[in-house]
Amino acid sequence: MRKNYFLGLAANQKNVWRHLFTKATEEDAVELSKYLSRRYDGETILCKNGRSALALALKAYFNKGDKIIVNGFTCCAVYEAVKAAGLTPVFADINKKDLNFSINTLEQLWANPATHDGSPICGIIIQNTLGNPVDIKAIERFAGKHGLIIIEDLAHCAGLEYADGREAGTVGAAAVLSFGKDKSIDTTSGGAVVLRHHYMREIKTPDEPAHKSDCLRERFYPLFGSWCRRLTRIHLGGILMKFLLKVHFVERSADNKLDLSRKPANFEAKLALEQLKNLKPTEDKHLREFCLVKNRQAVLDELKEAGYYFDGFWYEKPVSPLRYYKKVHFDEESCPVATEVAEKIINLPIYYSKNDLKGAQEIIKKYTEDENE
Ligand SMILES: *Cc1c(COP(=O)(O)O)cnc(C)c1O
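Keep in mind it's a predicted model, so treat the numbers as computed, not measured.

A. Geometry of the layout of surface pockets. Volume-wise, the second largest pocket comes out at about 470 Å³. Looking at the second largest pocket, it is lined by 19 residues, and the ones nearest its centre are Val90, Phe91, Leu109, Thr115 and Ser334. Residue composition of the lining of the second largest pocket, by class: nine nonpolar, seven polar and three charged.

B. Focus on helix α12 (residues 336-344). Listed as buried for α12 are Ala338, Thr339, Val341, Ala342 and Lys344. The elements touched by buried residues of α12 are β9 (290-292), α10 (296-305) and β11 (345-347).

C. Spotlight on the environment of Lys64. Within the secondary structure, Lys64 sits in the loop between α3 (50-61) and β2 (67-71). Given a relative accessible area of 68%, Lys64 falls into the exposed group. Distance in space between the C-alpha atoms of Lys64 and Lys83 is 9.5 Å, their sequence separation being 19 residues. Setting aside anything within four residues of it in sequence, one finds Lys64 in contact with Ala85, Gly86 and Leu87.

D. Representation of α3 within the structure. For α3, which comprises twelve residues, the first-to-last C-alpha distance of 17 Å matches the rise-based estimate of 16 Å (1.5 Å per residue) to within 8%. Of all the twelve residues making up α3, eleven are buried; the element is thus mostly covered by neighbouring parts of the structure. Every buried residue belonging to α3 is among Gly50, Arg51, Ser52, Ala53, Leu54, Ala55, Leu56, Ala57, Leu58, Ala60 and Tyr61, and all of these are buried.

E. Spatial organisation of the sheet that holds strand β8 (residues 191-195). One open sheet holds the seven strands; their spatial order is β1-β8-β7-β6-β5-β2-β4, and the pairing between them is mixed. At either end of the open sheet lies a strand with only one pairing partner, and these are β1 (43-47) and β4 (88-92). Going from strand to strand, the sheet's axes swing by 25° on average, the running direction of each strand aside. Bridge count between strand β7 (residues 174-178) and β8: five bridges; the pairing is antiparallel. What sits directly across from Ser178, in β8, is Gly191.

F. Molecular detail of unusual backbone geometry. The residue after Trp314, namely Tyr315, is reached through a cis peptide bond having omega -5°. Within the secondary structure, Tyr315 is located in the loop between α10 and β10 (319-320). Note the cis peptide between Ser320 and Pro321, where omega equals -5°. Notably, Asp41 is not glycine yet its phi reads approximately 55°, a positive angle. Turning to its location among the elements, Asp41 is positioned in the loop between α2 (26-39) and β1. We classify Asp41 as exposed; its relative accessible area is 56%. The phi dihedral of His248 falls on the positive side, at around 65°, and the residue is not glycine. Inspection of the secondary structure puts His248 in the loop between α8 (237-246) and α9 (266-277).

G. Representation of the side chain of Asn49 in the model. By the secondary structure assignment, Asn49 is in the loop between β1 and α3. Polar side-chain contacts of Asn49 include one of 2.8 Å to the backbone oxygen of Lys257. In this structure, Asn49 is in contact with Ser189, Gly190, Gly191, Asn256, Lys257 and Leu258, ignoring residues within four places of it in sequence.

H. Up close: the packing of aromatic side chains. Taken as a whole, this structure holds ten aromatic pairs when the rule is applied. Relative to Phe142, the ring of Trp110 has its centre 5.6 Å away and its plane inclined at 90°; by these criteria the two rings are edge-to-face. Taken together, the residues span a long stretch of sequence, with Trp110 in helix α5 (residues 103-111) and Phe142 in helix α6 (residues 136-146) at a distance of 32 residues. For the residue pair Trp110 and Phe142, the accessibility class agrees, reading buried in each case. Aromatic rings pair up to connect Phe220, Phe224, Trp227 and Phe249 into one cluster. Lying over the aromatic face of Tyr221, Lys181 brings its terminal NZ or CZ to 4.2 Å of the ring centre. For Arg219, the ring lying beneath its charged end belongs to Phe267, and the centroid distance is 4.2 Å.

Reading the values: rules and limits
- Every residue gets a number counted from 1 within its own chain, in the order that chain's sequence is written.
- Local features in this predicted model are restricted to residues whose pLDDT is 70 or higher, and side-chain atom pairs enter the listing and the counts only when it is 80 or higher, whereas totals over whole chains, interfaces and linings include all residues.
- Excluded from the side-chain calculations are hydrogens and water; all other atoms, namely the structure's heavy atoms, are used.
- Think of a 1 Å grid over the protein atoms and nothing else: a 1.4 Å probe that fits but is trapped marks a cavity, an open set flanked by protein within 12 Å on at least five of seven lines marks a pocket, and residues with an atom within 4 Å of a point count as lining.
- Grid points are joined across faces, edges and corners, and a volume is the space filled by probe spheres set on the points.
- The residue classification treats Ala, Val, Leu, Ile, Met, Phe, Trp, Tyr, Cys and Pro as nonpolar and Asp, Glu, Lys and Arg as charged. All others, Gly included, are polar.
- Think of it in three bands: residues with accessible area under 20% of the maximum for their type are buried, residues over 50% are exposed, and the middle band is partly exposed, with areas taken using a 1.4 Å probe on protein chains only.
- Starting at the N terminus, helices and strands are each numbered in turn, a helix being any DSSP run of H or I of at least four residues and a strand any DSSP run of E of at least two.
- Only heavy atoms enter the contact rule, under which two residues are in contact if any of them lie within 4.5 Å.
- A helix is expected to span 1.5 Å for every residue after the first.
- DSSP calls a pair of strands paired once it identifies at least 2 bridges connecting them.
- Axis lines are fitted through C-alpha atoms, for helices just across the contact stretch, and the angle between N-to-C directions can take any value from 0 to 180 degrees.
- Between N or O atoms, a polar contact is any pair within 3.5 Å; within protein, one atom must be a potential hydrogen donor and the other a potential acceptor, and residues adjacent in sequence are included only when both atoms are from side chains.
- Stacked, tilted and edge-to-face are the three classes assigned to paired rings of Phe, Tyr and Trp, where Trp is represented by its six-membered ring and a pair needs centres within 6.5 Å; plane angles under 30 degrees give stacked, over 60 edge-to-face, the rest tilted.
- Any Lys NZ or Arg CZ that is within 6 Å of a ring centre and within 35 degrees of that ring's normal is treated as a charge sitting over the ring.

Structure (structure tokens):
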């Protein structure tokens, strides 16, 4: 295929400018809080990022040492939050169709005596991976039967409507939002939690303003990101990104630090509110489309050859990224499907238009796993 030098040029320039120049005040953060409290019907706490928001939700509802069921195909941010709250994750395997635990995998997990060694399982985090809804009715029944508190993680699925018409984030005891890079609400960083039941424990609300250096870095990220993607076509994008990471002008999403004392930047609160207001609940809320391919490296080589910049997959390991995976001590045998999917998955980047992606889809199709295998 001929190399296409114009891919992604129509990318969102408005977003770059909005990030750089949006003026905001404390008042914008208050507005966002009010909006979230209304939309998700609870009490809102704004946070530095999604993982801090999740950690606060867990601290509010669970005791140190409790176990909590986590989707066996997830981001290190979730693991970090579970650990920060002093809980132990119990990973549930997924299915290939929607990358979520299903009622079957949950029942199997529950039936395994090893699952119940030590402290009790008290909760379950619903993730709706990549915007694919779980079977909410069945999972609610399961949670009810076993007395589990449901926490909804909306990082991938803000605005998703479940099959029964309820909006994701209105079912569990808490709705956790991330405003991080490439999430369904994306202001580069930031997060929030809406606590819905009266909670067991007082938690300390973050009250320190965002770091100035973090704000500056986050304002520039969409600009730097777009430069890097463009320069990829002449093989310089990777070099520029390495340099920007080295001098800390850019931070990898996975490295965004959990911090329970800081608020998001005001400009992020303002942008998040704009995006949320435009987010109408629908059943079709794919965050990133995915396919499972047989020889991922070959696909990536061919995509690169054609001028596409495919940065990272959700997810390259059952708990991603690779750099953090070792720390998790993930038991691959207990989650064989998640382990296999992590080796085969490829996501379509969200910064290309549908038209731009046609060429990539043709390449990927040649390697796509047969559904009946
Ligand atoms: C990214 C992510 C979060 C939160 O991420 P932050 O980077 O801390 O905002 C939470 N859950 C999932 C599933 C995620 O992918």
